[in-house]
Amino acid sequence: AQSVTQLDSQVPVFEEAPVELRCNYSSSVSVYLFWYVQYPNQGLQLLLKYLSGSTLVKGINGFEAEFNKSQTSFHLRKPSVHISDTAEYFCAVSEIGGYSTLTFGKGTMLLVSP
Amino acid sequence: GAGVSQTPSNKVTEKGKYVELRCDPISGHTALYWYRQSLGQGPEFLIYFQGTGAADDSGLPNDRFFAVRPEGSVSTLKIQRTERGDSAVYLCASSLDSQNIQYFGAGTRLSVL
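Residues numbered from 1 in each chain as written. Chains lettered and ligands numbered in written order. Predicted model: local features only at pLDDT ≥ 70, side-chain atom pairs only at ≥ 80, totals over all residues. Heavy atoms only, no water.

**A word on unusual backbone geometry**
Backbone geometry follows two general trends: most residues other than glycine have a negative phi, and most peptide bonds adopt the trans configuration. Defined as follows: The helix count covers DSSP runs of H or I at least four residues long, the strand count covers runs of E at least two residues long, and both are numbered beginning at the N terminus. Throughout, exposure labels follow a simple rule: accessible area from a 1.4 Å probe, protein chains only, divided by the maximum for the residue type, with under 20% read as buried, over 50% as exposed, and the rest as partly exposed.
For the peptide bond that leads from Thr7(B) to Pro8(B), omega is -10°, which places it in the cis range. Residues other than glycine seldom take positive phi values, yet Thr72(A) does so here, at roughly 45°. Along the chain, the position of Thr72(A) falls in the loop between β8 (64-68) and β9 (73-78). Of note, Arg81(B) is a non-glycine position whose phi angle comes to about 45°, a positive value. With respect to the helices and strands, the residue Arg81(B) is situated in the loop between β8 (75-79) and β9 (88-95). A relative accessible area of 46% means that Arg81(B) is categorised as partly exposed.

**Considering the side chain of Asp86(B)**
Residue and element names in this part refer to chain B. Convention followed: Polar contact criterion, stated in full: a pair of N or O atoms within 3.5 Å, where within protein one must be able to donate a hydrogen and the other to accept it, and residues adjacent in sequence count only if both atoms are side-chain atoms. Only heavy atoms enter the contact rule, under which two residues are in contact if any of them lie within 4.5 Å.
Relative to the helices and strands, Asp86 is located in the loop between β8 and β9. Here Glu83 takes part through its backbone nitrogen, which lies 2.8 Å from a polar atom of the side chain of Asp86. Every residue in contact with Asp86, bar those within four places of it in the chain, is listed here: Arg36, Arg64, Phe65, Ile79, Leu110 and Val112.

**Let's talk about the environment of Ser38(B)**
All names here are of chain B. Within the secondary structure, Ser38 is located in the loop between β4 (31-37) and β5 (44-50). According to the relative accessible area criterion, Ser38 is partly exposed, its value standing at 28%. On a C-alpha basis, the gap between Ser38 and Arg109 in space is 9.9 Å, while along the polypeptide they are 71 residues apart.

**Let's talk about the sheet that holds strand β1 (residues 5-7) of chain B**
Residue and element names in this part refer to chain B. As a reminder of what qualifies: Here a strand pair is declared whenever DSSP counts at least two bridges between the two strands. Note on definitions: angles span 0 to 180 degrees between N-to-C directions of axes, and those axes are lines fitted to C-alpha atoms, for helices only across the stretch in contact.
An order of β1-β3-β8-β7 is seen for the four strands of this open sheet, with the pairing classed as antiparallel. Single-partner strands in this sheet number two, and they are β1 and β7 (65-68). Direction aside, the axes of adjacent strands within the sheet are offset by 15° on average. Direction of pairing for β7 relative to β8: antiparallel, over a ladder of four bridges. By the bridge assignment, Val68 is partnered in β8 with Thr76.

**Re the side chain of Thr108(A)**
All names here are of chain A. Residue placement: Thr108 occurs in strand β12 (residues 108-113). Residue classification places Thr108 among the buried positions, given a relative accessible area of 1%. A polar side-chain atom of Thr108 sits 2.6 Å from the main-chain carbonyl oxygen of Asp8. Here Thr108 is in contact with Gln6, Asp8, Ser9, Gln10, Val11, Leu21, Ala87, Glu88 and Tyr89, once residues within four sequence places are set aside.

**Some details on the pairing of β12(A)**
All names here are of chain A. Bridge count between strand β2 (residues 10-14) and β12: five bridges; the pairing is parallel. By the bridge assignment, Gln10 is partnered in β12 with Met109. Here strand β10 (residues 87-95) runs beside β12; their pairing, made up of three bridges, is antiparallel. Within the sheet, the bridge partner assigned to Glu88 lies in β12 and is Met109.

**Let's talk about the pattern of salt bridges**
Two side chains bearing opposite charge may form a pair once their charged atoms approach each other closely. Basically, it comes down to this: A carboxyl oxygen of Asp or Glu within 4 Å of a side-chain nitrogen of Lys or Arg is what we treat as a salt bridge.
Here the structure, examined in full by the defined rule, presents nine salt bridges over all chains. Arg22(A) is paired through a salt bridge with Asp8(A); the nearest N and O atoms lie 3.0 Å apart. With Arg22(A) in the loop between β3 (19-21) and β4 (24-27) and Asp8(A) in the loop between β1 (2-5) and β2, this residue pair connects regions lying 14 residues apart in the sequence. A salt bridge links Asp86(B) to Arg64(B); its shortest N-O distance comes to 2.8 Å.

**A word on the interface of chain B and chain A**
Selection rule: By buried area we mean the combined loss of accessible area, with a 1.4 Å probe, across both parts when two parts are placed together.
Facing 25 residues of chain B, the contacting portion of chain A comprises 21 residues. Summing both sides of the interface, chain B and chain A together bury roughly 1800 Å²; the carbon and sulfur share of this comes to 57%. On inspection of chain B and its partner chain A, the count reaches zero salt bridges. Counting across the interface, chain B meets chain A through three residue pairs in polar contact (both at pLDDT 80 or more). Here the side of chain B that touches chain A takes four residues from β4(B), the largest share from any one element.

**A closer look at the pairing of β5(B)**
Residue and element names in this part refer to chain B. The element β5 is extensively covered by neighbouring structure, given that five of its seven residues are classed as buried. With six bridges connecting them, β4 and β5 associate as antiparallel partners. Each bridged residue has a counterpart across the sheet, and for Tyr35 the counterpart in β5 is Phe45. Two successive antiparallel strands, β4 and β5, enclose a turn made up of six residues, where Gly40 displays a positive phi of approximately 80°. Note that β5 and strand β6 (residues 53-56) share three bridges and pair antiparallel. Residue pairing across strands places Tyr48 opposite Asp56, the latter belonging to β6.

Below, the structure written as structure tokens:
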């Protein structure tokens, strides 16, 4: 079984400032890692994924995340945020090896103000 | 191409009634997943289909919940004798490959009064 912890339920930040959203996971097996974004009243959109290879993963909208196996973390970062980045961000994991369900964290609400 | 489509987008019902929620996955995707997202929470797994069969239904909360996918494409989530605690957004996702990249629909917001 896996679990995902997103330590911050809400992160307020000013426009053009950098941001980091934290994600830690627990699993007895190897996992794939994902970040999804959810805009108000919309479904989940894949932001980026780590499957294998380079531990620094670049996604859409200027976001990136770094997989740290020793710390079991997959923190999401953006060097300069925009008002339009205001949304809920979910970290998720799934077991490697075929079709497998996603286990999500509780989400972090990123609030970008001018 | 078209993404995952879920209908209706909103459903309001009374306690005790029966509801059906529909999911139309991305064409050619063999795996289909249902999740439930309660207010302030991340999505929680309910059931997943590989083709026509339910490969894992361990997330269904009780026997009032049931889902089908008779032709391996469209899926219907059925809830009998709805309760106020069933109020949530029900999300559907589909995936094509073994690397499990799931694509989500916009969800159905179910409100049980």
